[in-house]
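Breakdown of the fold
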Amino acid sequence: AELCGVELDVAHEGIPFARAVTGQGGWEGRPWVISESFHVGGTESGRGEPADPAVLDLERDGVNVSIRTATHRYIYRLHDHDELYELGSDPYELSNLARSPEHRSRIDELRHIIATSLDSAVPAVAARIRSSSGERMATDSGGKGADSG
């Protein structure tokens, strides 16, 4: 809206990045971006329909949260294994590093960022992410997310 000169009469969550795009400086954005999708009652919310977090059933519904930094992408799925990719050496995300113990601290760091960012919007999901820390090492051997080595 800021780039188009449009005034909004409603509050929006997030950090405007118009100054970063225009090169005007003064932008202190995050060094990461997070995306999330929720499968509420078997329907993915990514089609634009609002879903009240209060109706999210963590035993039934799905939660996918991804964080991307300059060097890594980490994916948390509520009912599946974690995924971690080193983007410089693996830009196509073929080698899942999440099952490797030497990457545990990186995963813990990224999970903390995700949980903190979800605290106000979806506190139950943030709590679940925190409580399952260290328990979700990937063990699969095929398909996307599998360790290729």
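What counts as what
- Residues numbered from 1 in each chain as written.
- Predicted model: local features only at pLDDT ≥ 70, side-chain atom pairs only at ≥ 80, totals over all residues.
- Heavy atoms only, no water.
- Buried < 20%, exposed > 50% of the residue type's maximum accessible area, 1.4 Å probe, protein only.
- Helix = DSSP H or I, 4+ residues; strand = E, 2+ residues; numbered from the N terminus.
- Pairing = 2+ DSSP bridges.
- pLDDT = per-residue confidence, 0-100.
- Contact = heavy atoms within 4.5 Å.
- Expected span 1.5 Å × (residues − 1).

The buried fraction of strand β3 (residues 62-69) amounts to six of the eight residues, a majority that puts the element mostly inside the structure. With eight bridges connecting them, strand β1 (residues 32-40) and β3 associate as antiparallel partners. If you follow Ser 35 over to β3, its bridge partner there is Ser 66. Relative to strand β4 (residues 72-77), β3 runs antiparallel, the two being bridged by five bridges. The residue bridging Ile 67 from the neighbouring strand is Tyr 74, located in β4. Turn length for the β3-β4 hairpin, with the two strands adjacent in sequence and antiparallel, is two residues.

Regions with low pLDDT carry predicted coordinates that are not meant to be interpreted in detail. On average, residues of the protein score 81 in pLDDT, and 76% of them reach the 70 mark or higher. Per-element averaging of pLDDT across the protein places strand β2 (residues 43-44) at the bottom with 56 and strand β5 (residues 83-86) at the top with 97. Every residue in residues 138-149 is under pLDDT 50, and counting partners more than four places away or in other chains gives 25 contacts.

Bringing helix α2 (residues 104-118) into the picture now. A rise of 1.5 Å per residue sets the reference length of α2, with its 15 residues, at 21 Å; its end C-alpha atoms lie 21 Å apart and thus fit the reference within 8%. All of the buried residues in α2 are Arg 104, Ile 107, Leu 110, Arg 111, Ile 113, Ile 114, Ala 115 and Leu 118. Packed against the buried residues of α2 are β1, β3, β4, β5 and α3 (123-131).

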